[in-house]
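Structural overview for review
Residue strings, one per chain:
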Amino acid sequence: MKAIVDCNSFYCGCERLFKPDLNHKPVIVLSNNDGCIISRTDEAKRLGVEMAGPYFKAKPLIEKFNIATFSSNYHLYGDLSWRVMETMRMLMGKNNVEVYSVDEAFVDLPEFNTEKINIASENLKTTIEQWTGIRVSIGVAPTKVLAKVANRLAKKNKQATNCIVILNTEESIADALYNTPIGDVWGIGRQYAEKLKEEFAVFTALDLRNKTEYWAKKNLGGVTGVRLIKELNGEAVIVMKDELTEKKMIATTRMFGSAVNNLKDIQEAIATYTSRAAEKLRRQNSAAGIISVFVVQKEKKFNETFRHGMSRSAYTILPIATSATNELIKAALPLIEKIFTNGEFYKKAGVMLSGIVPDINIQGNLFNPKDNDYKQLMMMVDNVNFSMRDDVLKFASGGTKKNWKMRQELRSPRYTTRWDEIKTVS
DNA sequence: TCTGGGGTCCTAGGACCC
DNA sequence: TCTGGGGTCCTAGGACCC
């Protein structure tokens, strides 16, 4: 059996942890740059706050009902996420937990009987809540897709289910599928949902389950669709992934706080993003063979309508795959000059690393002391920055003024990762 | 007269996820 | 004034090979 453990309104839950007066009150968390709403509590949902809706549009509602609003605080969420995952690994065994996202993990459960599954799920839920203060919902079923279905129902009916739904009989599965609209199935996005309803009269997960694999191959994205049908029918084909699989692409991209029109600011931003991307690269002991950068122009008003900002990109194939921040920055900066146009305003930029290979020189190269030096330097930079949970050491090309930095006006303190922001009780 | 069959690798782009 | 960031997987089609 597979379980999916999902934190309830995770980012909001993290904020509430340090502001218990917000319990049972509506709370929302905004995306980077305070652009849109990426987490909301049930109370906020009931007031009509749209998920992923733009902040400025929801502002009247937020003010009217005095909804507590936070900019995202990834230091805090990252740390609490780690605690939740670590708790699961301790209880269920390291190799049975697959972290799927910052607030979700799949857990491989042995073939227990119903009673044992119940006990295990209960125990998992209460322990996570006791140890970390974060509330979770758990869905259990024979496959990942069905576990997702169960989890959705658990979250929808928190009171009745106590946030745990177990689907392990034919009837319970069929019933759950019948109560799941097609657009809420894991793997069915907006496009497919439309198509399924209009062309094939498929309205629920149950309707979809009754389709053939041949049909899915033709109409639902080929092998992806076939997998989905199998999973809905209880055949586990989406396997648990090894925790250690490396990323094949690493990106760091950001909107600017306000539009930027000078080359130097963009280069500073790109240098900073490159540092961040290089850290991610080193964390998985990889090196990148290709670096690409892109910029997006600010949209322009054009006869009363807004025209989408143009996007331009450029890439370089590096002579040798590397994970050294300085080498990557050196490759990235000229690319920006290539795509930058004087006089234009830009709202976003980013760096992408690909052609990712294992960094075979990770131990340092005995015969090339220069290479060794940089590795030790990078390791030191990473260690210092990680232990301080902040960029204490950085490259000068990243700049110090940061005219382009994103807006984060409502961020809470980094309670758990910074001594000077720790919560005080008086 | 008349132009196979099988394969690889790469890129762009679409669809999805949280 | 004003809509995030970071990924994954898959397919189609072109270039190229024997």
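Residues numbered from 1 in each chain as written. Chains lettered and ligands numbered in written order. Predicted model: local features only at pLDDT ≥ 70, side-chain atom pairs only at ≥ 80, totals over all residues. Heavy atoms only, no water.

1. Quick word on the protein's contact with DNA strand B
Surrounding DNA strand B, one finds 13 residues, the nearest of these being Glu-104, Lys-148, Gly-187, Gln-191 and Tyr-192. When atoms of DNA strand B within 4 Å of the protein are sorted by moiety, sugar and phosphate together comprise 100%. Within the side chain of Asp-103, one N or O atom sits 3.1 Å away from a sugar or linking oxygen of DNA strand B. Between a sugar or linking oxygen of DNA strand B and a side-chain N or O atom of Glu-104, the distance comes to 3.0 Å. Of all the secondary structure elements, the ones that give two or more residues to the surface near DNA strand B are strand 5 (97-101) and helix 9 (190-200). When residues in the surface near DNA strand B are grouped by element, the largest group, three residues, is from helix 9. For the surface near DNA strand B, the per-class residue count stands at five nonpolar, four polar and four charged. (Near = heavy atom within 4 Å. Polar contact = N/O pair within 3.5 Å; in protein donor to acceptor, adjacent residues only side chain to side chain. Helix = DSSP H or I, 4+ residues; strand = E, 2+ residues; numbered from the N terminus. Nonpolar A, V, L, I, M, F, W, Y, C, P; charged D, E, K, R; others polar.)

2. Points about the sheet that holds strand 4 (residues 68-71)
Reading across from one edge, 3-2-4 is the order of the three strands in this open sheet, with mixed pairing throughout. Both outer strands of the open sheet, strand 3 (37-40) and strand 4, are each paired with one neighbouring strand and no more. Sheet twist, expressed as the average angle between the axes of neighbouring strands with direction ignored, equals 25°. Direction of pairing for strand 2 (residues 27-30) relative to strand 3: antiparallel, over a ladder of three bridges. What sits directly across from Ile-28, in strand 3, is Arg-40. (Pairing = 2+ DSSP bridges. Axes fitted to C-alpha atoms, helices over the stretch in contact; angles between N-to-C directions.)

3. Quick word on unusual backbone geometry
With a phi angle near 40°, Ser-9 is a residue other than glycine that sits in the positive phi range. Here Ser-9 is to be found in the loop between strand 1 (2-7) and helix 1 (10-17). For Asn-33, which is not glycine, the phi dihedral falls at a positive 70°. One can find Asn-33 in the loop between strand 2 and strand 3.

What is shown is where atoms sit, not what they do.
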